[in-house]
Amino acid sequence: MKEMIKLDIHKHIAIITLNRPEAANAMSKGLLDSLNEKISEIKENPDIYCAIITGAGEKAFCAGADLKERKGMSEKQVIETVQYIGETVTAVEKLRMPVIAAINGGAFGGGLELALACDLRVIAKNAKLGLTETSLAIIPGAGGTQRLPRLIGVGQAKRLIYTAKAITATEALSLGLVEQVEEKDDVLCEALSLAEVIASNGPIALQQAKTAINKGIQTDITTGLAIEHLAYRETIPTIDRKEGLQAFSEKRKPNYKGQ
């Protein structure tokens, strides 16, 4: 039986691949179950310093919820399934290490919500994305109404959600929805290059920077600065901090171990 989620470890980088290209990598219950299993594996592996999420095939990163599967569901089951998508997306967001979405193709609905839960987004030049739920008489239910405004501002988020229109990679870049636009064949390679740079830095520092940013952005500046200070303090007693100073004085690359 084919794995719905592939997990490859490249040095200190985990590459998660949604592997349902025949269904545009849509989020069936089976795919979500498998994705949660891989998320747990990554959480338990202290040697992973950065992660990448991408889609199999050339057409789609993730088309969102599996609407064919949803046809046979009761209203209660639909609500539970959307909640499960939201919980899975949040589990990605809560991973301790930076996560990059390598958006190799279309990202719609829950697929875009998954990308929004990542820290950085690299997208193929030909890819389109959108929160298209209002065209189906529903709303984004896996974090889209909350994460998109925080990323690109309330007005632009409302425009995209209210119109349900897909946008191009170029417009996504101009809005700050993605950080890089690359040729289709280069997306994963560029995401991996970015991950390698990130993973070369102190793992604990990366974790604490992510915590400070993600928690601080949700509060006022005074509280945010206090969160930053607490996160900074966590890096001081580490072996890695001493290794960073030693490597700098010896003019060599540091060998960080997440300790």
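Reference entry: report on the structure contained in this document.

Definitions and cut-offs
- Residues numbered from 1 in each chain as written.
- Predicted model: local features only at pLDDT ≥ 70, side-chain atom pairs only at ≥ 80, totals over all residues.
- Heavy atoms only, no water.
- Helix = DSSP H or I, 4+ residues; strand = E, 2+ residues; numbered from the N terminus.
- Expected span 1.5 Å × (residues − 1).
- Buried < 20%, exposed > 50% of the residue type's maximum accessible area, 1.4 Å probe, protein only.
- Contact = heavy atoms within 4.5 Å.
- Pairing = 2+ DSSP bridges.
- Core = buried A, V, L, I, M, F, W, Y, C linked by side-chain atoms within 4.5 Å.
- Axes fitted to C-alpha atoms, helices over the stretch in contact; angles between N-to-C directions.

## Considering helix α9 (residues 203-216)
Here is step 1: Along its 14 residues, α9 runs 20 Å from first to last C-alpha, staying within 8% of the 20 Å computed at 1.5 Å per residue.
Here is step 2: Of all the positions in α9, only P203, I204, L206, Q208, K210, A212 and G216 are classed as buried.
Here is step 3: Those residues of α9 that are buried are in contact with α3 (75-93), β5 (99-103), α8 (187-199), α10 (221-235) and α11 (239-249).

## Remarks on the sheet that holds strand β6 (residues 106-108)
Here is step 1: Across the sheet, which stays open at both edges, the 4 strands sit in the order β4-β6-β8-β9 with mixed pairing between neighbours. Among the strands making up the open sheet, the edge pair consists of β4 (60-62) and β9 (167-168).
Here is step 2: Two elements, β6 and strand β8 (residues 128-130), share 2 bridges in a ladder whose sense is parallel. Counted as the bridge partner of A107 is L129 from β8.

## Concerning the pairing of β5
Here is step 1: Judged by how many residues are buried, β5 sits mostly within the fold: 5 of 5 residues are covered.
Here is step 2: The two faces of β5 match: V99, A101 and I103 on one face and I100 and A102 on the other face are all buried.
Here is step 3: With 4 bridges joining them, strand β3 (residues 50-55) and β5 adopt parallel strand pairing. Its bridge partner lying in β5, I53 is registered against A101.
Here is step 4: Note: β5 against strand β7 (residues 120-124), 4 bridges, orientation parallel. Bridge pairing in β7 links A101 to R121.

## A few points about the nonpolar core
Here is step 1: With 63 residues, the main nonpolar core has I52, F61, I103, L129, L148 and L177 as its most contacted residues.
Here is step 2: What L129 contacts, discounting residues up to four positions off in sequence, is I103, A107, F108, L112, I123, K165, A166, I167, A172, L177 and V178.

## Quick notes on the sheet that holds β5
Here is step 1: Here we have 6 strands laid out as an open sheet, ordered β1-β2-β3-β5-β7-β10, and mixed in their pairing. With one partner strand each, in any of the chains shown, β1 (5-10) and β10 (180-182) form the two edges of the open sheet. Direction aside, neighbouring strands of the sheet carry axes that sit 20° apart on average.
Here is step 2: Summarising the sheet, strand β2 (residues 13-18) and β3 pair through 6 bridges and their orientation is parallel. Residue T17 lies in a different strand from β3, and its bridge partner there is T54.
Here is step 3: Against the sheet, helix α1 (residues 29-43) makes contact with β1 and β2, and its axis sits at roughly 20° relative to β1, the strand it touches most.

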